[in-house]
Amino acid sequence: NAGVTQTPKFQVLKTGQSMTLQCAQDMNHNSMYWYRQDPGMGLRLIYYSASEGTTDKGEVPNGYNVSRLNKREFSLRLESAAPSQTSVYFCASPRSGSAYNEQFFGPGTRLTVL
Amino acid sequence: GQSLEQPSEVTAVEGAIVQINCTYQTSGFYGLSWYQQHDGGAPTFLSYNGLDGLEETGRFSSFLSRSDSYGYLLLQELQMKDSASYFCAVRGVENSGYALNFGKGTSLLVTP
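Numbers given to residues run from 1 along each chain, matching the order in which its sequence is written. Lettering of chains starts at A and numbering of ligands starts at 1, both following the order in which they are written. Note on the predicted model: pLDDT of at least 70 is required for a residue's local features to be given, and 80 or more for side-chain atom pairs to be given and counted; whole-chain, interface and lining totals, by contrast, use all residues. Hydrogens and water molecules were not included; the side-chain quantities draw on all heavy atoms of the structure.

Q: Looking at this structure, how should I read the packing of aromatic side chains?
A: In this description, a pair of aromatic rings is defined by centroid distance and the angle of the planes. Two rings from Phe, Tyr or Trp (for Trp, the six-membered ring) form a pair when their centres are within 6.5 Å of each other. A pair whose planes differ by under 30 degrees is stacked, one over 60 is edge-to-face, and the rest are tilted. Considering all chains together, one arrives at 13 aromatic pairs over all chains under this definition. Taking 6.3 Å as the distance between ring centres and 85° as the angle between the ring planes, the aromatic pair formed by A:Phe90 and A:Phe105 counts as edge-to-face. Taken together, the positions of A:Phe90 in strand β9 (residues 87-94) and A:Phe105 in strand β10 (residues 103-105) put the pair 15 residues apart, joining distant regions of the chain. In this pair, the class of A:Phe90 matches that of A:Phe105, namely buried. Here the aromatic rings of B:Phe87 and B:Phe102 are separated by 6.3 Å at their centres, their planes lie at 90°, and the arrangement is edge-to-face. With B:Phe87 in strand β9 (residues 84-91) and B:Phe102 in strand β10 (residues 100-102), the pair connects residues that are 15 residues apart, well separated along the chain. You can call B:Phe102 buried: its relative accessible area is 7%. The criterion is that NZ of a Lys, or CZ of an Arg, lies within 6 Å of the ring centre and within 35 degrees of the ring normal, and then a charge sits over that ring. Taking the ring centre of B:Tyr30 as reference, the NZ or CZ of B:Arg91 above it sits at 4.2 Å. Secondary structure is summarised from DSSP: a helix means a run of H or I of at least four residues, a strand means a run of E of at least two, and numbering begins at the N terminus for each. When a residue's accessible area, from a 1.4 Å probe over protein chains only, is under 20% of the maximum for its type it is buried; when over 50% it is exposed; and in between it is partly exposed.

Structure follows, in structure tokens:
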């Protein structure tokens, strides 16, 4: 039972390049989230998906797109990376029965945009 | 909206007790959670308070006062491995997918 997995763990991009961050969960929960973490800023919600096939914007969605193709997987895409998107990205999903208060996080993707 | 305030840094000695405070402002309240994050790692869940009072989990305890919009995390018998960042968080409402809203984190340094 891996919980939440993410790939890749590290990535370096040049400005304008694109990439997709992958996330998968095996807890069979409907909800999944993408957060970014910057020094001194805590974690901020980029996008969320309340169920398969649905996605909605969070606090900082500009420059990102997401896809929820099935219950397990929720991907985050940067179409044209910018240095301001240098950050650590975490995918998360709640533990069933926790009323969404207990969330499991993936190991993170450390992205640098040059 | 929601906002959470916690100290940015705390330093304590191995074996001691430390308290990390969190005050919050939120239009709807569904409980206060605490997460631990070691450098280079992912946040991991520590505790949750939905009602007023103290919750104890081993060396860690968490307290909530809803009337004061205040909570704290208490770490006892500090160990070097407790050096990490600690985040308080409140759960959002349905139109945010019940996502967590985090404070900016408290960096705890445990010294010998």
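Now that the structure has been shown, the text picks up again.
Q: Is there a simple way to explain the interface of chain A and chain B in this structure?
A: Quite often, the size of an interface is put as the accessible area lost when its parts meet. Counting residues at the interface gives 20 residues for chain A, matched by 23 residues for chain B. Buried surface area refers to the total accessible area, computed with a probe of radius 1.4 Å, that the two partners give up upon joining, counted for both partners together. Summed over both sides, the interface between chain A and chain B buries roughly 1700 Å², with carbon and sulfur atoms accounting for 57% of that surface. Together, A:Leu43, A:Asn101 and A:Phe105 form the three largest contributors to the area buried by chain A at its contact with chain B, with a combined 33%. For this analysis, a salt bridge means a side-chain nitrogen from Lys or Arg found within 4 Å of a carboxyl oxygen belonging to Asp or Glu. The interface formed by chain A and chain B contains zero salt bridges. Two N or O atoms form a polar contact when they lie within 3.5 Å of each other; inside protein one atom must be a possible hydrogen donor and the other a possible acceptor, and for residues adjacent in sequence the pair counts only when both atoms belong to side chains. Linking chain A with chain B are eight residue pairs in polar contact (both at pLDDT 80 or more). Those elements giving two or more residues to the side of chain A that touches chain B turn out to be β4 (32-38), β5 (42-49) and β10 of chain A. Pairs of residues are marked as contacts when any of their non-hydrogen atoms sit within 4.5 Å.

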